[in-house]
Each structure stands twice: as structure tokens, then as C-alpha cells.
Amino acid sequence: MSLLKINIRSTQVIITACFIALLMLVSTCEFTKSDDGLSGIVHPSGEEFAGTGTCDQCHQSIADSHALTPHARTSGVGTLETVLGSFDSGKNTFILNDRLKVSMEKTPDGLFQRAFVAGKEVDRKPIDIVIGSGRQGQTYLFWQENTLFQLPVSYHASSDSWSNSPGYPTDQILFNRSISARCLECHSTYLKIGKTIDGHETFDRKQVILGVDCERCHGPAAKHVTFHQKNPGEDKGQYITNPAQLTRKQKLDNCALCHSGIRNNFMPSFSYKVGDDLDDFSLPTQPADSGATLDVHGNQYGLLTSSKCFRMSTMDCSSCHNVHTRETSKLELFSARCMNCHKRGGDNFCKQREFPGLVLSKNCIDCHMPALPSRQVFLRSSGNRSTPFFVRTHLVGNYERQVKLFIEKITTKNFPAK
Ligand code: HEC
Ligand code: HEC
Ligand code: HEC
Ligand code: HEC
Ligand code: HEC
Ligand code: HEC
Ligand code: HEC
């Protein structure tokens, strides 16, 4: 599990002279689409992907709103738009110590991380791929032949600054951590896996679909696209999976693939597709209801399935989430979804008394699904103090301490101390 322990050192910044100001969006995406709308990217099942951007022509509104979600943005080509850290002079340097520093630079040839030892450049690698939409942070990868390696400097959102990449030492600058298919399996739609060379996994650089895109949840869809292009009058979707029509277990598996913590894979990464039984591909490694499973790589599936809400209804993830839309932090909207089952006036409505300032329907979440500190992921600042990440628990229930804190927050807001 040490692989996922995220220790981010506090960032120090110095002023450096920056002379390059050309904004260039550089694409390292090498696959080109053929005229028939097919991508040439084939899933191990033999089904072909249509590829990024193909759904827009017929599902424009879903495509537009999905493009803004953390799923769509969880991986992509490194550009000034996708990389959230600053390339501005004075903010583009990460200092490890008085001899070692890395600077982030935009050049006409693309974006780079350059390593300096005692003022002399010793290495320089491109920011080819971004991992993370940046709600908590981002990390960056570069291609070397057909292997992906992690760059030494990452981005930490809450301090809006560059930081040491998880797992890299802080007393030397290395570019040698290769990225496994397992890591990308949760942060992209598809990469075709090649041979493992000297312990490093390789990929076919022409068969890559970044972002958790439509076809990750609906399956490879080239056949659906070509069918509907040829039959514009057909109004029933053909050769495509709508998860709403699957069994509850199949629906949940489609999310549990990436939201049940780290699982033990016994089949190659990327071989599961929607509709399959996930237990034929991997098994869970963590107990479902332990606080230790709260993690930036959290186990929403395990926690939710332990909740009374889940056990005593036919709920699945879509009971609360519309994955086509970015709904981050919209707590009143989520609360309305709770009230689909817990109606005001009904016998299973909340027992908490309302008072001026406390309107239950505005926020069921902070009392019953509070954000709790992760026990696995924390920030370590230079003084060796650590600050945990907070993650929403999916064990829906009664949290006395959080209720008390929430009520205190409301009452001090309404009746501030003199
Ligand atoms: C040439 C037009 C066209 C393209 C391109 C297209 N679709 Fe569709 N799709 C349709 C039509 C028509 C329907 C049936 C009407 C509806 O549900 O919107 C449909 C329905 C669907 C459904 C619902 C199926 C059901 O049984 O309820 C899904 C899911 C879907 N499409 C996904 C996709 C994805 C993912 C892509 C991109 C890879 C895509 N579509 C590209 C035309 C298209
Ligand atoms: C089992 C699936 C899974 C694996 C494997 C996995 N991740 Fe994640 N990762 C997630 C999920 C899910 C989230 C979002 C969690 C949340 O918000 O609760 C996430 C969050 C992140 C974030 C923060 C994203 C943001 O927007 O704040 C980064 C960066 C990240 N992962 C990098 C990695 C790297 C690098 C690897 C491989 C070493 C990896 N992950 C492996 C599922 C996974
Ligand atoms: C994270 C998984 C996920 C992603 C990514 C995703 N979908 Fe869906 N999609 C679903 C689920 C789950 C449902 C069924 C929702 C329900 O139960 O009502 C669905 C339903 C649909 C439907 C059926 C009609 C409707 O509006 O619900 C269409 C069409 C569709 N998706 C198209 C797309 C397209 C196009 C994209 C990409 C732009 C996309 N989806 C991305 C999970 C996903
Ligand atoms: C291929 C892996 C994968 C699958 C499948 C997947 N997710 Fe995610 N999901 C992620 C990752 C990775 C993130 C974090 C993205 C980031 O911020 O970089 C995430 C983030 C989320 C978030 C947080 C969004 C926000 O606005 O804060 C929700 C909610 C979510 N997923 C729900 C679902 C549901 C529901 C399903 C099933 C229909 C699903 N996911 C399927 C990988 C996946
Ligand atoms: C699909 C229906 C459904 C949805 C949606 C739903 N619940 Fe429930 N919930 C239930 C059922 C059924 C029970 C158990 C029996 C009862 O109390 O009525 C329950 C129980 C609970 C309990 C008691 C838990 C315990 O361990 O005693 C709480 C608290 C709760 N729900 C809060 C919520 C909140 C908050 C939301 C929204 C985030 C929510 N529920 C969404 C169906 C649902
Ligand atoms: C009872 C309602 C409910 C159900 C069911 C539910 N969620 Fe959530 N989920 C929420 C709420 C509320 C949030 C907090 C949203 C926010 O603050 O942006 C959330 C947040 C998340 C996040 C972001 C977590 C974070 O703190 O970064 C992920 C990932 C997620 N849900 C995945 C899932 C998955 C996967 C399922 C199905 C196994 C699921 N959820 C089922 C209500 C629900
Ligand atoms: C200020 C915090 C707070 C808010 C906001 C809140 N609740 Fe509660 N809820 C409580 C407390 C406290 C209890 C009683 C717990 C106990 O019985 O020990 C409770 C009990 C419940 C129960 C169990 C009822 C039973 O029959 O035992 C449900 C279900 C529930 N709440 C749902 C909701 C829903 C849905 C919302 C939003 C509309 C909501 N709550 C908003 C604090 C809150």
C-alpha cells in the first residue's frame, strides 16, 4: 500500500528569470482517426472503440456536460490548460534543497520539468500526460520509448503549489518510477498493454484513450456509432450498454472497478468491461467498513454497501449521482436525492429538530455523510507535521460528533460571539 501513500513536502518558491512566454498547446496524442469513424483501438474482447469525441455528434448535451467532470479530466495530454501548476516566473520552481531544484517551463516544443544540480541542468523531460483533475492534486508522466514514467514534481491543490511527487526521495532528483497499467486502469479509458521490459510495463502509444470517457462505462462503441450513422431513422440505441438496464450487481461493479479501493487483479488491467462480473477479474483487499478504507483512493462501494440505506433499499450509485454532470459540493442537490426516499412528513424522515438557521433539506450530508480525515493519505510538511485529506464517508449513518460540530458552526454563524 506504500505505493499510494502521498507525502507531499511543503513547497518553497524562489524567483527565477523566465524568458519564454509563447503559449503553445502541444499534443502528444499520436492516434489519428480514420474516415469511417473508427479508432483502430480494439479492446481485448475484440470489440472496437469509437474513440474520444465520437459521441458528441449525436449526444451533444451529455458530451458537453461530461467534459467538465472530474472523470473526463482525470487524465489528459499535458497542456497549459490541463496542467494546473504555474509556469510563471517566480512560481515555476520547486526547491528540494540549496543544491537541487526543478523548474517547470513552457517552450515552443511543449512543457518540461528541468532538473538542476548546483545551478547546472542535469536532466529535462516533457510533461506528456497529466493524472488527476486537480480536486486534490495532479501528477505528471512522460513517455520514454513505450514506457510511462512519473515526473519528480507534482501539484498540490489546497496550497496551489508544486510539490514532491509521492514516492520520490527528497534528497535527489530522479525520473525513474515507471507507471503501471493498474494505475492507469482507474485513471483512463484504455491503453493497450505491451510486453514488460526490464520490469517496466510498456504500452502501444497508438492505442490510448485518456480520461474516464463514455466508453469506459458504456463499453467499446464503434459498432453503435457506425450502425446509427448508417441508420439515422433508428431511435432505439443498438450495440450499446445502458447501465440502467443491468442488474444491481452489474451496475455497482461498473463503479466498484475504480471505487472499491485497491483490488487484487488476477486478470490483465483493462480487460473488465461493463456487464461483466467484476469478481471474475479482481477481488477486494480491504474490509468494507473500516475507517482505514477512507482514502483519496477510497472505498465508496464498500462503505455504501455496509449502510442501512443500501441494505434496506435497491439503491445504487445512480440513486445519488448523475455521473454525466459535475455536481461537486452541491449539497442541497444531493439532499434532494436523500428525500426521494426520506420524505418530509414520512415515518423515516430525520429526527433532528429544526430551528432558525437549520433547514434540514439544505444539507443532510454534513451530518450523515460527513467529510472525515483519511488515515492513509496525508500531507507531510517540512516540520514533519501531517495534515490529512478529508473524504466524504459513504457509510451513511449517525455521527454524533460531526452533528455537534455542524450545529455549533450554524449557531455561531447566526449568533456570533460578541
Ligand atoms: C450517429 C449517432 C450516434 C452516435 C455517434 C452515438 N450514438 Fe448513442 N445513440 C444513438 C441513438 C439514435 C440512440 C437511441 C436514442 C437515445 O437513447 O438517445 C442512442 C442511444 C445510446 C445509449 C442508450 C442506449 C439505451 O439502451 O438506452 C447510450 C448509452 C449511448 N447511445 C452511448 C453512446 C456512446 C458512448 C457514444 C460514443 C462512443 C454514442 N452513443 C455515439 C445515436 C448515436
Ligand atoms: C483502484 C483505482 C485507482 C488506482 C489503482 C489508482 N487511483 Fe488514483 N484515484 C482513484 C480515485 C477513485 C480517485 C478519487 C478519489 C476520491 O476523490 O475519493 C483518485 C485520485 C487520484 C489523484 C487526485 C486526483 C484529484 O483530482 O485530486 C491522483 C493525483 C491520483 N489518484 C493518482 C494516481 C496514481 C499516480 C496512481 C498509480 C500509482 C493511482 N492514482 C492509482 C482511483 C485509483
Ligand atoms: C462513470 C460512468 C459513465 C460515463 C463516463 C458516462 N456514462 Fe452515460 N451512463 C452511465 C450510467 C450509470 C447511466 C445510467 C444512469 C441511470 O441509471 O439512470 C448512463 C446512461 C447514459 C445514457 C442513457 C440515457 C440517459 O440520459 O441516461 C446515454 C445516452 C449515455 N449514458 C451516454 C453517455 C455519453 C455520450 C457519455 C460521454 C460523453 C457518457 N454517457 C459517459 C454512466 C456513465
Ligand atoms: C475507470 C475508473 C472509474 C470508473 C469505472 C468510475 N469512476 Fe468515478 N472516479 C474515478 C476517478 C479516477 C475519479 C477522480 C477523478 C479526479 O478528480 O481526477 C472519480 C471521481 C468520481 C466522483 C467524484 C466527482 C466529483 O465531482 O467530485 C464520483 C461521484 C464518481 N467518481 C462516481 C462514479 C460512479 C457513480 C461510477 C459508476 C457509474 C464511477 N464513478 C465509475 C474513476 C472511475
Ligand atoms: C433509495 C432510497 C434511499 C436513499 C436515496 C437514501 N436512503 Fe437513507 N435509508 C433508506 C432506507 C430504506 C433506510 C432504512 C430504513 C429506514 O430507516 O427507513 C435508510 C436509513 C437511513 C438512516 C438511518 C441509518 C442507521 O444506521 O440507522 C439515515 C441516517 C439515512 N438513511 C440517511 C440518508 C441520507 C442522508 C441520504 C442521502 C445522502 C439517504 N439516506 C438516501 C433509503 C434511502
Ligand atoms: C446516498 C447518496 C449517495 C450514494 C448512493 C452514493 N454517493 Fe457518492 N457521494 C454522495 C455525496 C453526498 C457526496 C459528496 C459530494 C460532494 O461533496 O461533492 C459523494 C461523493 C462521492 C465521491 C467523491 C468523494 C470525495 O470526497 O472526494 C465519490 C468518488 C463517490 N461519491 C462515489 C460513489 C460511488 C462509486 C457510489 C456507489 C458505490 C456512490 N458514490 C454512491 C452521495 C452518495
Ligand atoms: C444537524 C444535523 C442533521 C441534519 C442536517 C440532518 N440530520 Fe438526520 N438525524 C440527525 C440526528 C441527530 C438524528 C437522530 C439520530 C439518533 O437517533 O440518534 C437523525 C436521524 C435521521 C434518520 C433516522 C430516523 C429514524 O427513524 O431513526 C434519518 C433517516 C435521517 N436523519 C435522515 C436525514 C435526512 C434525509 C436529512 C436531510 C433532509 C437529514 N437527516 C438531515 C441529524 C441531522
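Just so it is clear, the model here is predicted, and its values are computed rather than measured.

What counts, and at which threshold
- Residues numbered from 1 in each chain as written.
- Chains lettered and ligands numbered in written order.
- Predicted model: local features only at pLDDT ≥ 70, side-chain atom pairs only at ≥ 80, totals over all residues.
- Heavy atoms only, no water.
- Helix = DSSP H or I, 4+ residues; strand = E, 2+ residues; numbered from the N terminus.
- Buried < 20%, exposed > 50% of the residue type's maximum accessible area, 1.4 Å probe, protein only.
- Contact = heavy atoms within 4.5 Å.
- Areas by Shrake-Rupley, 256 points an atom, 1.4 Å probe, with all protein chains shown as cover.
- Donors = N, O, S within 2.8 Å, 3.2 Å for Na, K, Ca; no water.
- Tetrahedral: all angles 85-135°; square planar, octahedral: opposite > 155°, others 65-115°.
- Near = heavy atom within 4 Å.
- Polar contact = N/O pair within 3.5 Å; in protein donor to acceptor, adjacent residues only side chain to side chain.
- Nonpolar A, V, L, I, M, F, W, Y, C, P; charged D, E, K, R; others polar.
- Phe/Tyr/Trp six-rings, centres within 6.5 Å; stacked < 30°, edge-to-face > 60°.
- Lys NZ or Arg CZ within 6 Å of the ring centre and 35° of its normal.
- Salt bridge = Lys/Arg side-chain N within 4 Å of Asp/Glu carboxyl O.
- Pairing = 2+ DSSP bridges.
- Axes fitted to C-alpha atoms, helices over the stretch in contact; angles between N-to-C directions.
- Patch = residues over 30% accessible without salt bridge, like charges linked within 9 Å, V, L, I, M, F, W, Y side chains within 5 Å.
- pLDDT = per-residue confidence, 0-100.
- Expected span 1.5 Å × (residues − 1).

Caption draft 1: Structural view of the overall build of the protein. Each helix and strand counted, the protein has ten helices and 16 strands in total. Per-residue burial over the protein gives 42% buried out of 418 residues. Taking all contacts inside the protein whose residues are at least 6 apart in sequence as the whole, residues at least 24 apart take part in 58%. Of the roughly 22500 Å² that the protein leaves accessible, carbon and sulfur atoms contribute 54%.

Caption draft 2: Geometry of the coordination of the iron atom of ligand 1. Donor atoms from the polypeptide that coordinate the iron atom of ligand 1 comprise His59 (NE2) and His224 (NE2), at 2.0 to 2.1 Å from the metal. Its six donor atoms give the iron atom of ligand 1 angles of 87 to 179° at the centre, a pattern that matches the octahedral case. Pair noted here: histidine 59 is in the segment before helix H1 (60-66) and histidine 224 is in helix H4 (residues 222-230), with a separation of 165 residues, a long-range link.

Caption draft 3: Inspection of the site of ligand 7 at higher detail. Around ligand 7, a shell composed of 19 residues is seen, among which Cys350, Asn363, Cys364, Cys367 and His368 lie nearest. One of the side-chain N or O atoms of lysine 351 is found 3.3 Å from an oxygen atom in ligand 7. Contacts to ligand 7 include histidine 368, whose side-chain N or O atom sits 2.8 Å from a nitrogen atom. When contributions to the shell around ligand 7 are tallied by element, the ones reaching two or more residues are helix H9 (365-368) and helix H10 (400-414).

Caption draft 4: Quick peek at the site of ligand 6. Lining the immediate environment of ligand 6, one finds 20 residues, of which Cys317, Cys320, His321, Ser329 and His394 sit closest. One of the side-chain N or O atoms of histidine 321 is found 2.8 Å from a nitrogen atom in ligand 6. Of all elements in the fold, only helix H5 (248-259), helix H6 (300-305), helix H8 (331-338) and strand S16 (386-392) reach the threshold of two or more residues within the shell around ligand 6. Per-element accounting of the shell around ligand 6 gives the leading share, three residues, to H6. Taken together, the residues that form the shell around ligand 6 break down as eleven nonpolar, six polar and three charged.

Caption draft 5: The arrangement of the packing of aromatic side chains in detail. Taken as a whole, this structure holds ten aromatic pairs when the rule is applied. Grouped by ring-pair contacts, the aromatic residues Phe87, Tyr140, Tyr155 and Trp162 constitute a single cluster. A cation over an aromatic ring shows up here: arginine 248 above the ring of phenylalanine 310, its NZ or CZ 3.8 Å from the ring centre. A cation over a ring is seen here: arginine 337 above phenylalanine 334, with NZ or CZ 5.9 Å from the ring centre.

Caption draft 6: Summary view of the pattern of salt bridges. The full count for this structure, using the stated rule, is 14 salt bridges. Between arginine 114 and glutamate 105 there is a salt bridge; the shortest N-O distance is 2.6 Å. One exposure class covers both arginine 114 and glutamate 105, and it is buried. Across the pair arginine 263 and aspartate 279 runs a salt bridge whose closest N-O atoms are separated by 3.4 Å. Of this pair, arginine 263 sits in strand S13 (residues 263-265) while aspartate 279 sits in the loop between S13 and strand S14 (282-284); the two residues are 16 residues apart in sequence, bridging distant segments of the chain. You can call arginine 263 buried: its relative accessible area is 5%. Where salt bridges share partners, they join Lys249, Asp253, Arg263, Asp277 and Asp279 into one cluster.

Caption draft 7: Fine view of the sheet that holds strand S5 (residues 120-126). Taking strand neighbours across the sheet as the criterion, the four strands line up as S2-S3-S4-S5 in an open arrangement whose pairing is antiparallel. The open sheet has two free edges, formed respectively by strand S2 (93-95) and S5, since each of these has just one partner strand. Recorded for the sheet is a direction-independent mean angle of 20° between the axes of neighbouring strands. Relative to strand S3 (residues 100-107), S2 runs antiparallel, the two being bridged by three bridges. Paired with threonine 93 across the two strands is serine 103, which belongs to S3.

Caption draft 8: Local environment of a nonpolar patch on the surface. Together, Phe266, Met267 and Leu283 make up a nonpolar patch on the protein surface, roughly 280 Å² of accessible area in all. Checked against the element boundaries, methionine 267 lands in the loop between S13 and S14.

Caption draft 9: Here's a closer look at the pairing of strand S4 (residues 110-117). Along S4, seven of the eight residues are buried, which leaves the element largely enclosed by surrounding structure. Bridging between S3 and S4 involves eight bridges; their strand directions are antiparallel. Note on S4: the bridge partner recorded for threonine 107 is glycine 110. The hairpin turn running from S3 into S4, its antiparallel successor, is two residues long. Direction of pairing for S4 relative to S5: antiparallel, over a ladder of six bridges. Residue pairing for S5: arginine 114 is matched across the bridge by arginine 124. Connecting S4 to the next strand, S5, in antiparallel fashion are two residues, including alanine 118 with a positive phi near 50°.

Caption draft 10: Quick look at the confidence of the model for the protein. Confidence along the protein averages 86 in pLDDT terms, with 83% of residues attaining 70 or more. Every residue in residues 1-35 scores below 50 in pLDDT, and together they form 91 contacts with partners more than four places removed in sequence or on other chains. Here residues 377-385 is a poorly scored stretch, pLDDT under 50, and it has 30 contacts once near neighbours within four places are set aside; other chains count.

Caption draft 11: Molecular detail of H5. With twelve residues, H5 ought to run about 16 Å at 1.5 Å a step, and its terminal C-alpha atoms sit 16 Å apart, in line with that. For H5, the complete set of buried residues consists of Leu252, Asp253, Asn254, Ala256 and Leu257. A positive phi of about 75° marks glycine 261, the residue just after H5.

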